[in-house]
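Take a look at the letters that make up each chain.
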Amino acid sequence: MQQKNQIKKKAFLFYPFYLLLTVLVILMTFTGCSSTSSAKKTVPVKPAWLENRPVNNQYYFGIGSAIKKGSIERYRNEARDKALSEMAGQINTIISSNAVLYKVEDRFGVREMLQNRIKAESNEFLEGYEFMDQWEDETRFYTIYRLSKPLFEKNKELRKKVAADGAYLKYQQAVNHLHGNNFILAFTLFAQTLENIKDYLQEGVVITTQQGFQIDLGGSSLDYLDEILNNLRISPSKTSIIITGEEPNEKLFFTVSDNKNNPVPDIPVKLNYSGGYLTTDNGKSDRNGVVDCPLFKAPAHNSRETISASIDVQALARTASFDLDIRRMIEKWNSATCKVQLEFVR
């Protein structure tokens, strides 16, 4: 009996402990549930602009994202740049769809140049863009920017006017030099006219002179460049030469002239010998329009070979423009060429 009383006494002593333990377990259970519920409530909700892209006739919108790696500044800047690039892509698409197609595009390669050139995506062309909002989850950072369409058009027209004014000055100088038969300077200035307005070639840049005439600076410059190349001639001192030794016993040279047979100086010329190598494969016409043919050796086997000379359009383009797009476009154009038949008698 005494033993039972002792057990009851011990149970009574431990009862508060068991009660406290039970209460703690219940509290922990409720706390866990509450924490889970709270965690669910704090999950970030995607903003409306991520679920449905904003549409507004007055604005361009750009959304960009970046993985949250590296510094905060790095991935935020990456997301911003992607958003601006997206806006620039929208603008370029609209410009392309509304482009004024030159009648000379296919002839001069303007279409290919415009299709292949890197699209302008710098902030300079998106002047006035505005930050709207940002959002992030555990792995990615998102941001959205907008640009007022009326503001963009206003800034674009201002830039276009500045470019057109500068281009027109070069264009006038080019025309004056062309009338004075200074072909190299005229060619260079027409190419630089295109440089100034390259970003607006798709739309066309038309200016009105004080006399009331309208000039398409892009199309007219292309026509003049083509005219200059078409007016240049190159002819050999002899169309055929018989060579009895290892080297020709008479001097061979080429003359560059215009369509009125006036000699044209400072024109780069490219030379090619079918029988081997020349000591130099290029030259430039002197004040008499003359380019001397370099020395060449008789071929080992063939008895007939040719030497050709052509206006070096690539050299002209490199001299005329620093812009790679303008250079590449001009370099593909055809130019005057001539051949001399060589017969080696052994």
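Residues numbered from 1 in each chain as written. Predicted model: local features only at pLDDT ≥ 70, side-chain atom pairs only at ≥ 80, totals over all residues. Heavy atoms only, no water.

Caption draft 1: Layout of the packing of aromatic side chains. Counted under the stated rule, the structure contains eleven aromatic pairs. Look at Tyr 60 and Phe 152: their rings are 6.0 Å apart centre to centre, the planes differ by 85 degrees, and that puts the pair in the edge-to-face class. With Tyr 60 in strand S1 (residues 59-67) and Phe 152 in helix H6 (residues 149-179), this pair connects stretches of sequence that are 92 residues apart. Comparing Tyr 60 with Phe 152, the two get one shared label, buried. (Phe/Tyr/Trp six-rings, centres within 6.5 Å; stacked < 30°, edge-to-face > 60°. Helix = DSSP H or I, 4+ residues; strand = E, 2+ residues; numbered from the N terminus. Buried < 20%, exposed > 50% of the residue type's maximum accessible area, 1.4 Å probe, protein only.)

Caption draft 2: Spatial organisation of the pattern of salt bridges. Taken as a whole and assessed by the stated rule, the structure comprises twelve salt bridges. Glu 343 is the salt-bridge partner of Arg 304, the closest N and O atoms lying 3.8 Å from each other. Placement of Arg 304 in strand S12 (residues 304-311) and of Glu 343 in strand S13 (residues 337-344) is noted, with a sequence separation of 39 residues between them. Here Arg 304 falls in the exposed class, since its relative accessible area comes to 57%. Under the relative-accessibility criterion, Glu 343 is labelled partly exposed at 28%. Connected through shared salt-bridge partners, Arg 74, Glu 78 and Lys 82 make up one network. (Salt bridge = Lys/Arg side-chain N within 4 Å of Asp/Glu carboxyl O.)

Caption draft 3: Spatial organisation of the sheet that holds strand S2 (residues 130-136). Across the sheet, three strands lie side by side as S1-S3-S2; this open sheet has antiparallel pairing. In the strand order of this sheet, the two ends are held by S1 and S2, each with one partner. Pairs of neighbouring strands in the sheet enclose a mean axial angle of 15 degrees, with direction left out of account. As paired elements, S1 and strand S3 (residues 140-148) share nine bridges and run antiparallel to each other. Among the inter-strand pairings, Phe 61 is bridged to a residue of S3, identified as Arg 146. Along the sheet face, H6 touches S1 and S3 and points at about 65 degrees away from the line of S3. (Pairing = 2+ DSSP bridges. Axes fitted to C-alpha atoms, helices over the stretch in contact; angles between N-to-C directions. Contact = heavy atoms within 4.5 Å.)

Caption draft 4: Quick peek at the pairing of strand S7 (residues 240-243). Along S7, the buried face is formed by Ile 241 and Ile 243; none of Ser 240 and Ile 242, which line the opposite face, is buried. As defined by bridge partners, S7 adjoins S13 across four bridges and the pair is classed as parallel. Within the sheet, the bridge partner assigned to Ile 242 lies in S13 and is Glu 343.

Caption draft 5: Representation of unusual backbone geometry. Non-glycine residue Asn 261 carries a positive phi angle of around 65 degrees. Within the secondary structure, Asn 261 is located in the loop between strand S8 (253-257) and strand S9 (268-273). Since its relative accessible area comes to 65%, Asn 261 is described here as exposed. For Asp 266, which is not a glycine, the phi torsion comes out positive at approximately 65 degrees. For Asp 266, the position within the fold is in the loop between S8 and S9. A relative accessible area of 44% places Asp 266 in the partly exposed class.

Caption draft 6: Representation of the environment of Gly 245 within the structure. As for its placement among the helices and strands, Gly 245 is situated in the loop between S7 and S8. Gly 245 gets classed as partly exposed once you look at its relative accessible area, which sits at 35%. Considering only alpha carbons, one finds Gly 245 and Phe 344, 99 residues apart in sequence, at a separation of 7.6 Å. Apart from the residues lying within four places of it in its own chain, the contact partners of Gly 245 are Ala 298 and Phe 344.

Caption draft 7: Quick look at the packing of H6 against helix H8 (residues 217-231). Remark: H6 packs on H8, axes separated minimally by 11 Å, with the N-to-C direction vectors making an angle of 25 degrees. Comparing the axis directions of H6 and H8 gives the class roughly parallel. Where H6 crosses over H8, the two elements pack in a sense that is left-handed. Counted together, Ala 164, Ala 167, Tyr 168, Tyr 171, Val 175 and Leu 178 of H6 and Leu 217, Ser 220, Ser 221, Tyr 224, Glu 227 and Ile 228 of H8 form the full contact between these two elements. In the contact of H6 with H8, the residues fall into nine nonpolar, two polar and one charged. (Parallel < 35°, antiparallel > 145°, perpendicular 65-115°, else oblique. Left-handed = near helix turned anticlockwise from the far one by under 90°. Nonpolar A, V, L, I, M, F, W, Y, C, P; charged D, E, K, R; others polar.)

Caption draft 8: Structural detail: the environment of Asp 292. Along the chain, Asp 292 turns up in strand S11 (residues 290-292). In this structure Asp 292 comes out as partly exposed when scored by relative accessible area, which is 42%. Measuring from C-alpha to C-alpha, the distance between Asp 292 and Leu 252 comes to 6.6 Å, with 40 residues separating the pair along the chain. What Asp 292 contacts, discounting residues up to four positions off in sequence, is Lys 251, Leu 252, Phe 253 and Leu 271. Here Lys 251 takes part through its side chain, which lies 3.4 Å from a polar atom of the side chain of Asp 292. (Polar contact = N/O pair within 3.5 Å; in protein donor to acceptor, adjacent residues only side chain to side chain.)

Function cannot be read off these values alone, since they describe shape.
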